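For reference, the chains in residue letters:
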Amino acid sequence: MEFEFTIIATGLDPQAEDFESRFFDAGCDDAIVSFQKGHILVDFAREAASIEEAIASAVENVRDAGATVERVEPDPLVSLSDMAGRANLSRQAMTNYFKGDRGEGFPAPRARVTTDSPLWDWADASAWLYRHGRVNKEIAINAMVVSQANDLIDCGDEDFRGSLHTRVEREMRALA
């Protein structure tokens, strides 16, 4: 299967002569490398047995190129409109879920809670939508893997691949 995602990184000079070739030589031959707003963006279309394997190998490849991995996207924080688009639902349907008009227990926002434009954790929201028959399991799994990968990146886990596998297995049991 082919999985599309972006790794956001820093730590390399985009003006260096070998900038793009470093990524290619490190195994990112299935990615487009660019530099935007002070960050390196490595856009992957990676073939792998699972999204977990695709992300784990891509993180290793970007690190092998000498870059510091900051996070994996698509962005795990989403608005109601973002969720509607990712779930192929209307924004009104998402609003009804959030308000409790169509099912109970929709996850609470994680950021900008007191504003008119709060943000939700996509992994939590997609798991809820999956349990309520609104998205397929693959969408929920992909969101969960990206979320777990970002948690491990944030804590600087040295055994990224092994830790990601352990966390994904645990979350898969909870999703079932």
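All residue numbers refer to positions counted from 1 along the written sequence of the respective chain. Reporting of local features is limited, given that this is a predicted model, to residues whose pLDDT is at least 70; pairs of side-chain atoms are given and counted only at 80 or more, and all residues count toward the totals for whole chains, interfaces and linings. Side-chain metrics rest on all non-hydrogen atoms present in the structure, leaving aside hydrogens and water.

### Brief notes about the overall build of the chain
Then step 1. Secondary structure follows DSSP: runs of H or I at least 4 residues long count as helices, runs of E at least 2 residues long count as strands, and numbering of each begins at the N terminus. Per the secondary structure count, the chain includes seven helices and six strands.
Then step 2. Listing each helix as α and each strand as β along the chain from the N terminus yields β-α-β-β-α-β-β-α-α-β-α-α-α.
Then step 3. We compute the radius of gyration from the C-alpha atoms alone; for a globule the expected value is 2.2 Å times N to the 0.38, where N is the number of residues. For the chain, whose C-alpha radius of gyration is 17 Å, the value lies close to the compact-globule estimate of 16 Å for 176 residues.
Then step 4. Across its three principal directions, the C-alpha atoms of the chain cover 55 × 35 × 30 Å.
Then step 5. Burial here depends on accessible area, computed with a 1.4 Å probe over protein chains only, as a share of the maximum for the residue type. Under 20% is buried, over 50% is exposed, and the range in between is partly exposed. Counting every position in the chain, which comprises 176 residues, the buried fraction comes to 44%.
Then step 6. Contact definition: two residues touch when any of their heavy atoms are within 4.5 Å. Put simply, 59% of the contacts in the chain that link residues at least 6 apart link residues at least 24 apart.
Then step 7. When the accessible surface of the chain is totalled, it reaches about 9,400 Å², and 45% of it is carbon and sulfur.
Then step 8. In this tally Asp and Glu are treated as negative and Lys and Arg as positive; neither His nor the chain ends contributes. Throughout, a charge is located at the NZ atom of Lys, the CZ atom of Arg, the CG atom of Asp or the CD atom of Glu. Each charge sign in the chain was given a centre, from 18 positive and 32 negative side chains, and these centres are 10 Å apart. Areas reported here follow the Shrake-Rupley algorithm with a probe of radius 1.4 Å; residue values treat only the protein chains shown as occluding.

### As for helix α4 (residues 91–99)
Turn by turn, an α-helix covers 3.6 residues, leaving residues three or four places apart pointing in a common direction.
Then step 1. Burial in α4 covers these residues: Ala 93, Met 94, Thr 95, Asn 96 and Tyr 97.
Then step 2. Elements in contact with the buried residues of α4: α3 (80–87) and α5 (122–131).
Then step 3. One or two positions beyond α4, positive phi appears at Gly 100, with a value near 90 degrees.

### Some words on the nonpolar core
Then step 1. In terms of nonpolar packing, the biggest core is built from 39 residues, with Ile 7, Phe 23, Ile 55 and Val 62 touching the most fellow members.
Then step 2. For this core, the secondary structure elements donating two or more residues are β1 (2–10), α1 (19–25), β2 (31–36), β3 (39–47), α2 (51–64), β4 (68–73), α6 (137–154) and α7 (160–175).
Then step 3. Among all residues touching Ile 55, those that are not within four sequence positions of it are Phe 5, Val 72, Val 145, Val 146, Ala 149 and Phe 160. Note on terminology: a nonpolar core comprises buried Ala, Val, Leu, Ile, Met, Phe, Trp, Tyr and Cys residues joined through side-chain atoms within 4.5 Å.

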